[in-house]
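# Tertiary structure, described
Each chain, letter by letter, is given below.
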Amino acid sequence: MEIIYLYDGSFEGFLCCIFDSYANREVPSDIVPEESASPSLFETRFIVTDKSRADRVFRKVTALSGEAALLLSRGFLTCMEHREMHLYRLVAKLLREGPGFLRNLADETLLPILKAVRHLEGEAHLLRGFVRFSDYSGILGGEIEPKNHVLPLLRSHFCSRFPNEQFFIYDRTHREALLYAGAKAIIAPLDRFEMAPPDETETSYRRLWKRFYDTIAIKERENPRCRQTHMPKRYWNTMTEFQSEEYFISGKSSEISNRTDTLPTVSITAD
């Protein structure tokens with residue numbers, strides 16, 4: 001019988017799908033977050049998230065292979081198509097055969113996950129240098145448009161870089177934000193959001209950065225292809241040096257803002 005598992009979209013919810021598959025001795029034809037599920041002729045079942053069950057699955061994977069556990073957790077952050085089924089097959093093969101296949105980098109089950117995780121880690125590496133912060137009354141704020149869920153990988157870098165600051169990084173693609181204050185950081189969903197317009201001081205800093213970027217450029221050595229190799233164009237929408245004049249006008253909403261709620265303060269009560 002063909003069956004599709006629906007879950008709440010969380011990592012724990014996905015692990016519960018694996019638990020239910022083995023508990024019911026059935027192999028789902030697909031595993032998809034409920035919010036993105038499409039109508040189907042197959043039977044569907046919503047799998048309730050149970051932290052204790054999720055912990056049991058992850059402990060089992062970790063006991064068999066720490067490398068597999070890392071691939072599982074990071075693979076879930078990727079933008080890989082049908083990631084849940086790829087990761088489900090990874091766990092199934094690990095339970096069936098043990099961790100030996102992880103040494104074969106060309107393994108058909110392992111290879112797509114390795115590629116996706118490399119893409120995730122590469123994107124996080126680039127964004128450590130591409131995030132542009134603005135100052136909002138003592139709070140630093142920036143926006144990104146990644147393909148992958150990179151905020152968990154960016155958290156330790158920026159928290160250690162700005163340990164005494166309050167800051168947030170908003171992920172437009174996945175509508176979530178990394179919030180840091182008082183030596184505590186959380187990643188929280190934020191469905192609707194708009195960056196506040198810059199004040200005069202912030203506007204001046206933006207113009208200075210833009211002027212610096214333009215000034216150090218050597219026209220005779222311009223190489224657009226090389227620049228896009230090291231600074232892909234899809235990141236330019238959130239980088240100060242590539243914005244239009246509207247972005248540098250005090251008191252007006254920036255070009256990179258198109259939502260309706262604001263984040264005036266950073267207040268964190270839990271890790």
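Everything in this summary refers to the structure shown in the same document. Since we're looking at a predicted model, the values are computed, not measured.

The rules behind each value
- Residues numbered from 1 in each chain as written.
- Predicted model: local features only at pLDDT ≥ 70, side-chain atom pairs only at ≥ 80, totals over all residues.
- Heavy atoms only, no water.
- Pairing = 2+ DSSP bridges.
- Helix = DSSP H or I, 4+ residues; strand = E, 2+ residues; numbered from the N terminus.
- Axes fitted to C-alpha atoms, helices over the stretch in contact; angles between N-to-C directions.
- Contact = heavy atoms within 4.5 Å.
- Patch = residues over 30% accessible without salt bridge, like charges linked within 9 Å, V, L, I, M, F, W, Y side chains within 5 Å.
- Areas by Shrake-Rupley, 256 points an atom, 1.4 Å probe, with all protein chains shown as cover.
- Salt bridge = Lys/Arg side-chain N within 4 Å of Asp/Glu carboxyl O.
- Buried < 20%, exposed > 50% of the residue type's maximum accessible area, 1.4 Å probe, protein only.

Read across the open sheet, the 3 strands follow the order S2-S1-S3; overall the sheet is parallel. Each edge of the sheet is formed by a strand with only one pairing partner; in this case those strands are strand S2 (30-33) and strand S3 (43-46). Between one strand axis and the next, the sheet turns by 25° as a mean value, whatever way the strands run. Relative to S3, strand S1 (residues 3-7) is paired through 4 bridges, and the arrangement is parallel. Along S3, the bridge assignment pairs Ile3 with Glu43. Contacts between helix H1 (residues 11-23) and the sheet are confined to S1 and S2, with S1 contributing the most and set at about 145° to the helix. Of the strands in this sheet, S1 and S2 touch helix H4 (residues 83-97), which is tilted by about 130° from S2.

Okay, a nonpolar patch on the surface next. Together, Trp209, Phe212 and Ile216 make up an exposed nonpolar region whose accessible area comes to about 310 Å². Following the sequence through the fold, Ile216 ends up in helix H7 (residues 200-216). The class of Ile216 is exposed, set by a relative accessible area of 51%.

This next bit is on the sheet that holds strand S5 (residues 139-144). Pairing in this open sheet of 5 strands is mixed, and the strands run S4-S5-S6-S7-S8 from one edge to the other. Looking at the sheet topology across the chains shown, the edges are occupied by strand S4 (134-136) and strand S8 (184-189). Averaged over all neighbouring strand pairs, the angle between strand axes comes to 20°, with direction disregarded. Bridge count for strand S6 (residues 166-171) against strand S7 (residues 176-181) is 5 bridges, and the pairing is antiparallel. Residue pairing in the sheet places Phe168 in a bridge with Leu179 of S7.

Function-wise, these values are silent; they only describe arrangement.
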